[in-house]
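Listed here are the chains, written in short residue letters.
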Amino acid sequence: MFGLDNRILLFLGLVLLCGLGTARAEDEVDGVGTADSDFLSSKDGSKTDDEVVQREEEAIKLDGLNVAQIKELREKAEKHEFQAEVNRMMKLIINSLYRNKEIFLRELISNASDALDKIRLLSLTNKEQLAATEELSIRIKLDKENHILHITDTGVGMTKKDLINNLGTIAKSGTSEFFTKLQESDGTQSASDLIGQFGVGFYSAFLVADRVVVTSKHNDDKQHIWESDSSEFSVVEDPRGDTLKRGTTISLTLKEEAYDFVEVDTVKTLVKKYSQFINFPIYLWESISQEVEEPIEEDEEEEEKAEDKVDEEDEEGKVEEEEEEKPKTRKITKTIWDWVLVNDAKPIWMRKPSEITTEEYQEFYKSLSKDSQESLAYTHFVAEGEVTFKALLFVPPTQASENFNKYGTATDNIKLYVRRVFITDDFQDMMPNYLSFIRGVVDSDDLPLNVSRETLQQHKLLKVIKKKLVRKALDMFKKLDDEEFEKFYKEYSTNLKLGVLEDTSNRNRLAKLLRFNSSSMKSDKKTSLADYVGRMKDNQDNIFYMAGASKEEVATSPFVERLLKKGFEVLYLVEAIDEYAINALPEFEGKKFQNVAKEGLSLSSSEAAKERTEELKKQFEPLTTWLAEEALKEQISKAEVSERLDSSPCALVSSRFGWTANMERIVSAQTHSKADDVQRQYYLNQKKTLEINPRHPIMKELLKRVEAGETDESTVDIAKMMFRTATLRSGFMLKDTVEFAASVEEMLRSTLGIAADEPIEEEPELPEDEGQEEIDADEDDVSDESAESEEMHDEL
């Protein structure tokens, strides 16, 4: 029995050994096969495959996607070419701003803020817009290992169509203007300031990034991924689903020279520099140090038992209470990663003016206007009464030259907030047209939130706000010191004069801000109307002014001769709009305005002077009658003795409601005026009054001839020549210039003793040279060939 059992055990052992041997053999065969396959596989081919995979991984680094998903994603993506203007624009941006690359962060954060403003505005009338998430913030995350910068907002997001249209094409009329301005910019700083002004800020991302990935989710569409390397772009549905809930993430794979933009300190500095006053929280993912209490373990605890020994005598009668022993802890510093608020500054207009420095105001202006220069002036106030609001207004240092070409169109210079909620910046009626250059913010708690912008624009309280804004703006101008006001007036004088024409309710306030050249002011210094009135003579009832093309022209005009001689001050209006503005002012501080080039001027204040004037009118009545009714009947409406002339023999004076020479010049120069305009033709063809100087010898001689009846043809010619010279001297244009030139030539002949009918010598005919004839023939052949070429060109 025992022998049988041993045999069985021996058999089982042999079987087991055979199995182990077979297993080893199979392992060895497998090992050889693997080695052979590794040997046969090309090392270069394997390396190439690895590089392909690596490139695919680097192309789109998105959380939650493996290599296979990324590969599938790229295969399904729709490929698009950039619009030609986009390519041109990106090249200009990159070449012009290579030294100031940091502005990309300003632009991307600004775009994120705009997206948040849009979704918040939509939510005012439709609460469902915030159903996906109520958070309104901007978050920046830095991936130092992979050199990627992520900017995420919970704004309105973009649909697939938006991604293609907004990021792949430029549907903006100002694009060509942007190109021109960028090429004309005189430096990197001025070029960077243009980026935000023309709405092309997104493309500044390619200043620092080789590749840009935009992941966006709109309430009306699924989440999509837009990707570009600046040469082309692709769009594909995100296989991860709607991970953003709502909003946009921009991921920038940075160039090697831009690796500094994944440093926390660098990004934090730039956010505070450019986006400190963005009205939404901006969070940065960064490490922070915190002190925490940690329990001390028993094996590490080193207890120092220092108990005071108290004498038994002192402890008699005292009851000792046993206290529960608390677990012993120690404070340690731990580094943790968390979202840290970067722009924790309160909106500046909500703070008290006394707590804000000039530097803070100027930084806010630069952030608001994207201007590199400081403002000329600012005012920060709280208005109370029928409506309560806070406002902060700025005067830019310069005014764009094209502003008057766009005069009357809506501007986005005033941003309206309601309870710190941004509403709009395109209210045309927030400020009058002449103050459209002012920038600032207005924040009111009294306006309704849950209404459309169109409804809000018609709200009655907006008219009250506008009225107070205008008053505060004019007060701001008034409080400027002389040096600051001179800079302001040089830049915005035309705006103030347009205000006099348009704003009847503030006309007197605006009149106090006007400045003009004056006969009593030396060099180019100007005077105010209030100062002029303060210097007026005791018997002077009118403010005298004269309009012309230049100060020199006005100062030598015959209309101001006697006024200056008698010591009267005359305002010189040398800008095109000046005469319009003064005509709109009926009076100033009780003094009426008198245009010295029009009828109605009287310097005879005393009784003796009035009697003397009447005597001269009677004395020269034969001459004035003859001029008006015979010699110059077709040219003038009437002739009379002048009180304004001193050294000039005569002058042409406009009627009280007619056009002066300066006004005729301005109207004739207007490119948009109609040539056959009835009203225009009426004023241009209106006859003027000829005023004669009774003390001038020419007038005295003419009076003698008329009284003696010697009004022959030569006397009439003298009268006509006198009229033509008066026309030119008074600033008007001659209608019969050819006849005037012939009259001057006749006078020259008479002075030189040349007979009036002496003919001009005939030009002799000279024979032409043969060489010249050949040249002329060649020129004719060339002209014929060029004509044939032009015909062929036209046919093509």
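Residues numbered from 1 in each chain as written. Predicted model: local features only at pLDDT ≥ 70, side-chain atom pairs only at ≥ 80, totals over all residues. Heavy atoms only, no water.

Asker: When you look at the sheet that holds strand β4 (residues 209-217) in this model, what are you seeing that I'm missing?
Answerer: Neighbouring strands of a sheet are bound in pairs by backbone hydrogen bonds; such pairs are parallel or else antiparallel. Reading across the sheet, the nine strands line up as β1-β6-β5-β4-β7-β3-β2-β8-β9 and stay open at both edges, with mixed pairing between neighbours. One side of each edge strand has no neighbouring strand; the edge strands of this open sheet are β1 (78-81) and β9 (329-341). Recorded for the sheet is a direction-independent mean angle of 25° between the axes of neighbouring strands. With eight bridges connecting them, β4 and strand β7 (residues 247-254) associate as antiparallel partners. Bridge pairing links V214 to I250 in β7. Where helix α6 (residues 160-168) meets the sheet, its contacts fall on β1, β4, β5 (224-228) and β6 (232-237), and the angle it forms with β6 comes to roughly 170°. (Pairing = 2+ DSSP bridges. Helix = DSSP H or I, 4+ residues; strand = E, 2+ residues; numbered from the N terminus. Axes fitted to C-alpha atoms, helices over the stretch in contact; angles between N-to-C directions. Contact = heavy atoms within 4.5 Å.)

Asker: Help me understand the environment of S204 in this model?
Answerer: Assignment of secondary structure puts S204 in the loop between α8 (188-197) and β4. Sequence separation between S204 and L105 is 99 residues; the distance between their C-alpha atoms is 8.6 Å.

Asker: Any chance you could explain a negative patch on the surface here in plain terms?
Answerer: On the surface, D481, D482, E483, E484 and E486 cluster together into a patch of negative charge. Checked against the element boundaries, E483 lands in helix α14 (residues 482-502). (Patch = residues over 30% accessible without salt bridge, like charges linked within 9 Å, V, L, I, M, F, W, Y side chains within 5 Å. Areas by Shrake-Rupley, 256 points an atom, 1.4 Å probe, with all protein chains shown as cover. Salt bridge = Lys/Arg side-chain N within 4 Å of Asp/Glu carboxyl O. Lys, Arg positive; Asp, Glu negative; His and termini not counted. Charge placed at Lys NZ, Arg CZ, Asp CG, Glu CD.)

Asker: Mind showing me how you'd approach the side chain of R507 here?
Answerer: Relative to the elements of secondary structure, R507 occurs in helix α15 (residues 507-511). Here L501 takes part through its backbone oxygen, which lies 3.4 Å from a polar atom of the side chain of R507. Residues in contact with R507, not counting those within four places in the same chain, are V500, L501, A584 and L585. (Polar contact = N/O pair within 3.5 Å; in protein donor to acceptor, adjacent residues only side chain to side chain.)

Asker: What's the story with the environment of A597 in this structure? I'm lost.
Answerer: Assignment of secondary structure puts A597 in the loop between β20 (591-595) and α20 (607-619). Expressed as a C-alpha distance, the spacing of A597 and T660, which sit 63 residues apart in the sequence, is 6.7 Å. Sequence-distant contacts of A597, defined by excluding residues within four places in its chain, comprise M546, F559, R644, V653, S654 and T660.

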